[in-house]
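Okay, here's what each chain looks like letter by letter:
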Amino acid sequence: PMTHFSLPRGTDGQWYRTRRLSDDITLIDEPGIKPFYRCNIWHVRGRERDLVVDFGLGAVPLRRQVALLAEREITAIASHCHFDHIGAAHEFECCHVHSAEASILAAPDNQRTLANLFLNDEMFDVLPPAPYTHTGYRITSPAKIAEVEDGDVIDLGNRSFTVLHTPGHSPGGLSLWESRTGTLISGDVIYDGELIEDAYHSDLDDYTSSLRRLRELPIRTVHGGHFPSFSGKHLRALIDQWLRAHQR
């Protein structure tokens with residue numbers, strides 16, 4: 001059969017894009033991946049250490065290409081264990097994850113991380129540089145995994161985030177809540193786009209509880225797992241819309 005390469009390939013140096021938002025929060029993402037599939041990697045600058053939430057596809061080494069991630073001690077957290085969020089997690093000496101998904105992070109096969117389902121040309125405008133292939137894609141497990149639970153606090157010195165267990169999209173989904181600034185880093189339980197609620201381990205009852213819980217918080221800004229950030233007011237409208245659509 002004729003092999004036909006429909007998509008151009010990117011270069012290592014151009015694979016990641018970095019955009020500084022307000023409040024010492026920086027968005028790192030992969031512009032070669034289409035918006036629906038493109039994971040937001042969040043970097044928060046702290047006085048004593050930095051926080052990184054999620055790690056993208058991992059097809060290009062993240063820390064080698066993004067200078068921001070080479071400088072300081074980093075607390076690394078996976079919002080959940082789907083492939084588009086944990087690809088480069090192994091580049092951090094320890095990765096934190098909710099206990100409900102620690103076993104996936106420890107053995108991140110393409111089935112349980114959903115790579116088998118979604119990883120194909122449809123995902124990309126530009127493919128990762130050679131030797132990347134869809135069929136050769138494998139996620140390396142982090143050397144050290146630390147489990148976190150609801151209510152744990154991530155202390156960066158001058159700012160702190162509380163872990164909220166927000167299952168629904170997946171069983172170990174977590175969000176990080178900074179009450180002082182009203183900032184929520186939400187992973188994939190909510191973002192401003194089509195939500196995935198039918199993965200093999202999604203649960204609509206969990207989804208409902210998680211969204212109801214988030215609706216009660218005085219959230220001002222949401223940094224989701226995909227698509228642009230948005231206001232707490234918009235969050236509440238999105239949640240109400242979801243609850244209505246699912247008659248919950």
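Residues numbered from 1 in each chain as written. Predicted model: local features only at pLDDT ≥ 70, side-chain atom pairs only at ≥ 80, totals over all residues. Heavy atoms only, no water.

Draft legend 1. Local environment of the sheet that holds strand β10 (residues 174–178). Spatially, six strands are ordered β8-β9-β10-β11-β12-β13 in an open sheet, and the strand pairing comes out mixed. Looking along the sheet, the strands with just one partner apiece sit at the ends: β8 (153–155) and β13 (230–231). As defined by bridge partners, strand β9 (residues 160–165) adjoins β10 across four bridges and the pair is classed as antiparallel. Bridge pairing in β10 links Leu164 to Ser175. (Pairing = 2+ DSSP bridges. Helix = DSSP H or I, 4+ residues; strand = E, 2+ residues; numbered from the N terminus.)

Draft legend 2. Quick peek at the pattern of salt bridges. Using the criterion set out here, one finds 15 salt bridges in the structure. The salt bridge partner of Arg47 is Glu48, with a shortest N-O separation of 3.7 Å. For Arg47, a relative accessible area of 53% puts it in the exposed group. In this structure, the salt-bridge partner of Arg49 is Glu48, at a minimum N-O distance of 3.6 Å. By sharing partners, the salt bridges in this structure join Asp23, Arg159, Glu178 and Arg180 into a single network. (Salt bridge = Lys/Arg side-chain N within 4 Å of Asp/Glu carboxyl O. Buried < 20%, exposed > 50% of the residue type's maximum accessible area, 1.4 Å probe, protein only.)

Draft legend 3. View of the pairing of strand β4 (residues 50–53). The two faces of β4 match: Asp50 and Val52 on one face and Leu51 and Val53 on the other face are all buried. Here three bridges tie strand β3 (residues 41–44) to β4, and the two strands are oriented antiparallel to one another. When the bridges of β4 are listed, His43 appears paired with Val52. Looking at chain direction, β4 and strand β5 (residues 74–77) are connected through four bridges and run parallel. Bridge pairing in β5 places Leu51 opposite Thr75.

Draft legend 4. Seen up close, the nonpolar core. Ranked by size, the top nonpolar core spans 58 residues in total, and within it Phe55, Leu62, Phe83, Phe124, Ile190 and Leu214 carry the most contacts. Secondary structure elements with two or more residues in this core: β5, α2 (83–86), β6 (95–98), α3 (102–106), α5 (204–215) and α6 (232–245). At five residues, the largest contribution of residues to this core is made by α6. Ignoring anything within four residues of it in the chain, the contact list for Leu62 reads Tyr16, Ile28, Ile41, Phe55, Leu69, Ala88, Glu91 and Phe92. (Core = buried A, V, L, I, M, F, W, Y, C linked by side-chain atoms within 4.5 Å. Contact = heavy atoms within 4.5 Å.)

Draft legend 5. Layout of the sheet that holds β6. The seven strands lie next to each other as β1-β2-β3-β4-β5-β6-β7, forming an open sheet whose pairing is mixed. Single-partner strands in this sheet number two, and they are β1 (17–20) and β7 (145–148). Averaged over all pairs of adjacent strands, the angle between strand axes in this sheet comes to 25°, irrespective of strand direction. (Axes fitted to C-alpha atoms, helices over the stretch in contact; angles between N-to-C directions.)

Draft legend 6. Looking closely at unusual backbone geometry. Of note, the bond from Ala130 into Pro131 is cis; its omega dihedral lies within 30 degrees of zero at 10°. Mapped onto the secondary structure, Pro131 falls in the loop between α4 (115–118) and β7. Look at Asp24: it is not a glycine, yet its phi comes out positive at around 60°. Relative to the helices and strands, Asp24 is located in the loop between β1 and β2 (25–29). By relative accessible area, which is 31% here, Asp24 ends up partly exposed. Positive phi, normally seen in glycine, also occurs at Asp54, with a value near 75°.

Draft legend 7. Spotlight on α6. Between the first and last C-alpha of α6 there are 20 Å, a value that for 14 residues agrees with the 20 Å anticipated at 1.5 Å per step. Its buried side turned inward, α6 meets α5, β12 (221–224) and β13. Positive backbone phi, approximately 50°, marks Gln247, located one or two places after α6. (Expected span 1.5 Å × (residues − 1).)

Draft legend 8. Representation of the side chain of Asp29 within the structure. Residue placement: Asp29 occurs in strand β2. You can call Asp29 buried: its relative accessible area is 2%. When residues no more than four places from it in sequence are discounted, the contact partners of Asp29 are Trp15, Tyr16, Arg17, Arg19, Arg38, Cys39 and Asn40.

Draft legend 9. Expanded view of α5. Given a rise of 1.5 Å per residue, 12 residues ought to cover 16 Å, and the 16 Å separating the end C-alpha atoms of α5 matches this to within 8%. Among the structural elements, β9, β11 (183–187) and α6 are those in contact with the buried residues of α5.

None of the figures reported here should be taken as evidence of function without further support.
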